[in-house]
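Overview (structure and organization)
Listed here are the chains, written in short residue letters.
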Amino acid sequence: MTDAFPATAPKLGLYPVVDSVEWIARLLEAGVRTIQLRIKDCQDHEVEDAVREAIALGKQYRARLFINDYWRLAIKYNAYGVHLGQEDLDVANLDAIRQAGLRLGLSTHDDAELDRALALRPSYIALGHIYPTQTKDMPSEPQGVMELKRHMARLQDIPTVAIGGISLARVPEVLATGVGSVAVVSAITQAEDWRQATQELLALVEAGTQPAEAL
Ligand SMILES: Cc1ncc(COP(=O)(O)OP(=O)(O)O)c(N)n1
Ligand SMILES: Cc1nc(C(=O)O)sc1CCOP(=O)(O)O
Ligand SMILES: [Mg+2]
């Protein structure tokens, strides 16, 4: 059997996904303790400074800082974790990520992707997209909360994250499925008042009150 990736918190709480070090800094200062740097479609050398600075901030705040896509840089600067999609699985060196002691989060969008992800024994599984999203072009239809709830029945032993179109108003029905974390982009970055939005989301999702382990 494949070796498991290192454990993360059973419930990751509020999980903002943002595209700059500036957002990382302001959200950590606001109390967020699970967060992802997601800068799309760059070469490693173009994002190296941002990845290094984001990881340093994550350590400073004892937060669970995941790097999306740039797994080599995540290893180089000893990130808390890496987030990968299904396409990334075809090219990423999972053994190197595991041996470096990084947590691994994996995206899934249907049963087949869930099967593939579970076989790799990642640190958490993300399920999306739950609702229509303006943030990313999705090739599939939204799953909806009923489908999320159905998936949760087979995901009792692994931390879970819901993503895609989740607004403050939708958080209660998402949490009612039993999912342990809510990942958001626009609910924070497009909010009229991001501070207030973050505080309301944190209060609802009960984000990251315990420090990240083994930083
Ligand atoms: C928490 C979380 N869930 C899903 C994704 C999507 O990741 P991926 O499929 O790799 O797509 P991109 O984000 O790279 O466009 C995510 N980033 N975070
Ligand atoms: C980056 C991303 N991944 C998704 C997936 O389903 O894998 S949905 C998504 C975008 C989420 O943004 P918002 O909260 O603004 O809808
Ligand atoms: Mg990706």
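A short tour of the structure in this document, coming up. Please read all numbers here as calculations on a predicted model, not as lab measurements.

**A closer look at the site of ligand 1**
Around ligand 1, a shell composed of 16 residues is seen, among which Q36, R38, K40, S107 and K136 lie nearest. One of the side-chain N or O atoms of K40 is found 2.6 Å from an oxygen atom in ligand 1. Contact between ligand 1 and D88: an oxygen atom at 3.4 Å from a side-chain N or O atom of the residue. Contact with the protein chains covers 92% of the free accessible surface of ligand 1, which is 420 Å². The site holding ligand 1 turns out to be the largest pocket. Looking at the shell around ligand 1, the elements with two or more residues in it are strand 4 (81-84) and strand 6 (124-127). Considering only residue class, the shell around ligand 1 consists of six nonpolar, five polar and five charged.

**Considerations on the packing of aromatic side chains**
The final tally for this structure, using the stated rule, is five aromatic pairs. Judged by centre distance (5.8 Å) and plane angle (40°), the ring pair of Y15 and F66 falls under tilted. Taken as a pair, Y15 in strand 1 (residues 13-18) and F66 in strand 3 (residues 64-68) lie far apart in primary sequence, 51 residues in all. F66 carries the same exposure label as Y15, and that label is buried. The interplanar angle of 80° and the centroid separation of 5.6 Å between the aromatic rings of W23 and W194 together place this pair among those described as edge-to-face. Residue W23 is found in helix 1 (residues 21-29), and its partner W194 is found in helix 9 (residues 194-205); the two are separated by 171 residues along the sequence. On the basis of relative accessibility, which here comes to 12%, the residue W23 falls in the buried class.

Rules used throughout
- Residues numbered from 1 in each chain as written.
- Chains lettered and ligands numbered in written order.
- Predicted model: local features only at pLDDT ≥ 70, side-chain atom pairs only at ≥ 80, totals over all residues.
- Heavy atoms only, no water.
- Near = heavy atom within 4 Å.
- Polar contact = N/O pair within 3.5 Å; in protein donor to acceptor, adjacent residues only side chain to side chain.
- Areas by Shrake-Rupley, 256 points an atom, 1.4 Å probe, with all protein chains shown as cover.
- 1 Å grid on protein atoms, 1.4 Å probe; cavity = no way out; pocket = protein on both sides within 12 Å on 5 of 7 lines; lining within 4 Å.
- Sits in = over half its atoms within 2 Å of the grid points.
- Helix = DSSP H or I, 4+ residues; strand = E, 2+ residues; numbered from the N terminus.
- Nonpolar A, V, L, I, M, F, W, Y, C, P; charged D, E, K, R; others polar.
- Phe/Tyr/Trp six-rings, centres within 6.5 Å; stacked < 30°, edge-to-face > 60°.
- Buried < 20%, exposed > 50% of the residue type's maximum accessible area, 1.4 Å probe, protein only.

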